[in-house]
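Chain residues, written in single-letter form:
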Amino acid sequence: MKSIFESLRKTRNAVFGQIASLLGTGDLTEETWEELEALLLQGDVGVETTQALLGKLRQRVKAEGIIRAQELRRLLREEILALLPEPQPLNLNWPLAVILIVGVNGSGKTTSIAKLAAMLQRQGRRVLLAAGDTFRAAAIDQLKVWGERVGVPVITGPAGGDPSAVTFDALEAAQARHLDTVIVDTAGRLHTQHNLMAELEKIRRVIARRVAWAPHEVLLVLDATTGQNGLLQAKQFMAAVKVTGIILAKLDGSARGGMVLAIGQQLGLPVRFVGTGEGVEDFAPFDREAFVEGLLGQG
Ligand code: GDP
């Protein structure tokens with residue numbers, strides 16, 4: 001399993017590693033600020049979050065009377081950490097915990113579901129998957145294959161069928177088999193945004209009616225290689241359903257890990273897990289300190 005530090009290699013090599021040399025010896029000049037701004041923008045932090053971060057840093061530099069560029073490194077670390085909401089452990093302390101997974105096709109949704117299922121199983125939970133993405137026949141098959149691979153049952157319905165019905169069946173099956181966790185896959189795209197919203201709402205209602213306080217988590221899978229575009233996607237899903245956290249897939253394949261800062265600052269959502277490779281074990285709980293270390297380099 002790759003570490004978060006290793007997974008950030010591309011992001012670090014592409015842009016963020018240059019911050020260390022920019023904030024080396026010498027005094028902090030207007031040029032330093034400009035270059036820092038350019039690097040943050042290049043690193044997919046986004047305009048809004050870059051401005052917020054620089055504003056904070058300028059304030060602190062003034063208040064703390066900092067003149068050397070090197071001292072800004074410590075402040076940058078602290079302020080990046082401050083942008084990232086603390087990821088709480090998943091809220092799964094229920095007789096039957098229900099996790100709804102949303103996100104567009106291709107983002108790494110199926111793989112992330114399998115990874116999450118395997119991780120929860122290793123922690124002693126008894127997991128069942130619901131193939132709620134009935135919009136694509138391939139999605140159902142793919143989830144079945146992953147289910148077999150990680151050894152968890154998958155409840156499916158016909159392609160083109162009603163995802164709420166599959167979800168209902170899955171909850172019933174989990175209760176009958178005395179399992180404690182259901183992970184529900186959902187469609188990544190429908191004909192219109194309106195349909196997608198209506199469908200997610202319907203699934204949510206079916207779950208809420210059947211299980212108290214459920215869904216207990218709604219995790220949005222984002223593809224780390226999409227950078228700022230991923231933020232727009234996230235906002236669409238957030239308008240459809242109450243998202244409780246992000247799974248950031250493909251961090252290892254992305255040079256755009258800087259988008260995590262924008263996820264925290266603009267969406268106010270914690271990244272709960274990151275995908276660090278294609279294997280089922282390549283999945284890590286998000287660790288803010290490890291992330292900042294991996295972004296800026298050690299020390
Ligand atoms: P879905 O269409 O959203 O269900 O996406 P899939 O789960 O099928 O993933 C799409 C592609 O991304 C597949 O080739 C996966 O192997 C790959 N993938 C998913 N997660 C990761 C990850 O964390 N790292 C890497 N390198 N590849 C990933």
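Residues numbered from 1 in each chain as written. Predicted model: local features only at pLDDT ≥ 70, side-chain atom pairs only at ≥ 80, totals over all residues. Heavy atoms only, no water.

Caption draft 1: Representation of the packing of aromatic side chains. Evaluated as defined, the whole model comprises 2 aromatic pairs. When the ring of Phe 273 is compared with that of Phe 283, the centres are 4.9 Å apart and the planes differ by 15°; the resulting orientation is stacked. In this pair, Phe 273 sits in strand E7 (residues 271–275) while Phe 283 sits in strand E8 (residues 283–285), placing the two residues 10 residues apart along the sequence. Taken as a pair, Phe 273 and Phe 283 share a single burial class, namely buried. Pairing Phe 286 with Phe 291 gives two aromatic rings, centres 5.3 Å apart and planes at 50°, and the pair type is tilted. (Phe/Tyr/Trp six-rings, centres within 6.5 Å; stacked < 30°, edge-to-face > 60°. Helix = DSSP H or I, 4+ residues; strand = E, 2+ residues; numbered from the N terminus. Buried < 20%, exposed > 50% of the residue type's maximum accessible area, 1.4 Å probe, protein only.)

Caption draft 2: Here's a closer look at the pattern of salt bridges. As enumerated under the stated definition, the model contains 21 salt bridges in all. The salt bridge partner of Asp 133 is Lys 109, with a shortest N-O separation of 4.0 Å. Separated by 24 residues along the polypeptide, Asp 133 in the loop between strand E2 (127–130) and helix H7 (137–150) and Lys 109 in helix H6 (residues 109–122) bring together distant segments of the chain. Take Asp 133: its relative accessible area is 2%, and that puts it in the buried class. (Salt bridge = Lys/Arg side-chain N within 4 Å of Asp/Glu carboxyl O.)

Caption draft 3: Spatial organisation of the domain arrangement of the chain. You can read the domains of the chain as domain 1 (4–83) and domain 2 (97–287). Of note, the centres of domain 1 and domain 2, computed from C-alpha atoms alone, are 33 Å apart. Taken together, the contact pairs 17 residues of domain 1 with 22 residues of domain 2. Ranking the residues of domain 1 by area buried against domain 2 places Ile 4, Ser 7 and Asp 44 at the top, with a combined share of 39%. (Domains from an automatic or database assignment. Contact = heavy atoms within 4.5 Å. Buried area = accessible area lost by both parts, 1.4 Å probe.)

Caption draft 4: Spatial organisation of the packing of helix H10 (residues 228–240) against helix H11 (residues 259–267). Contact geometry of H10 with H11 gives a least axis separation of 10 Å together with a crossing angle of 35°. As for the relative orientation of H10 and H11, their crossing is right-handed in sense. Across the interface between the two elements, Gln 228, Gly 230, Leu 231, Ala 234, Lys 235 and Met 238 of H10 pack against Met 259, Ala 262, Ile 263, Gln 266 and Leu 267 of H11. Here the residues of the contact of H10 with H11 are counted per class, giving 7 nonpolar, 3 polar and 1 charged. (Axes fitted to C-alpha atoms, helices over the stretch in contact; angles between N-to-C directions. Left-handed = near helix turned anticlockwise from the far one by under 90°. Nonpolar A, V, L, I, M, F, W, Y, C, P; charged D, E, K, R; others polar.)

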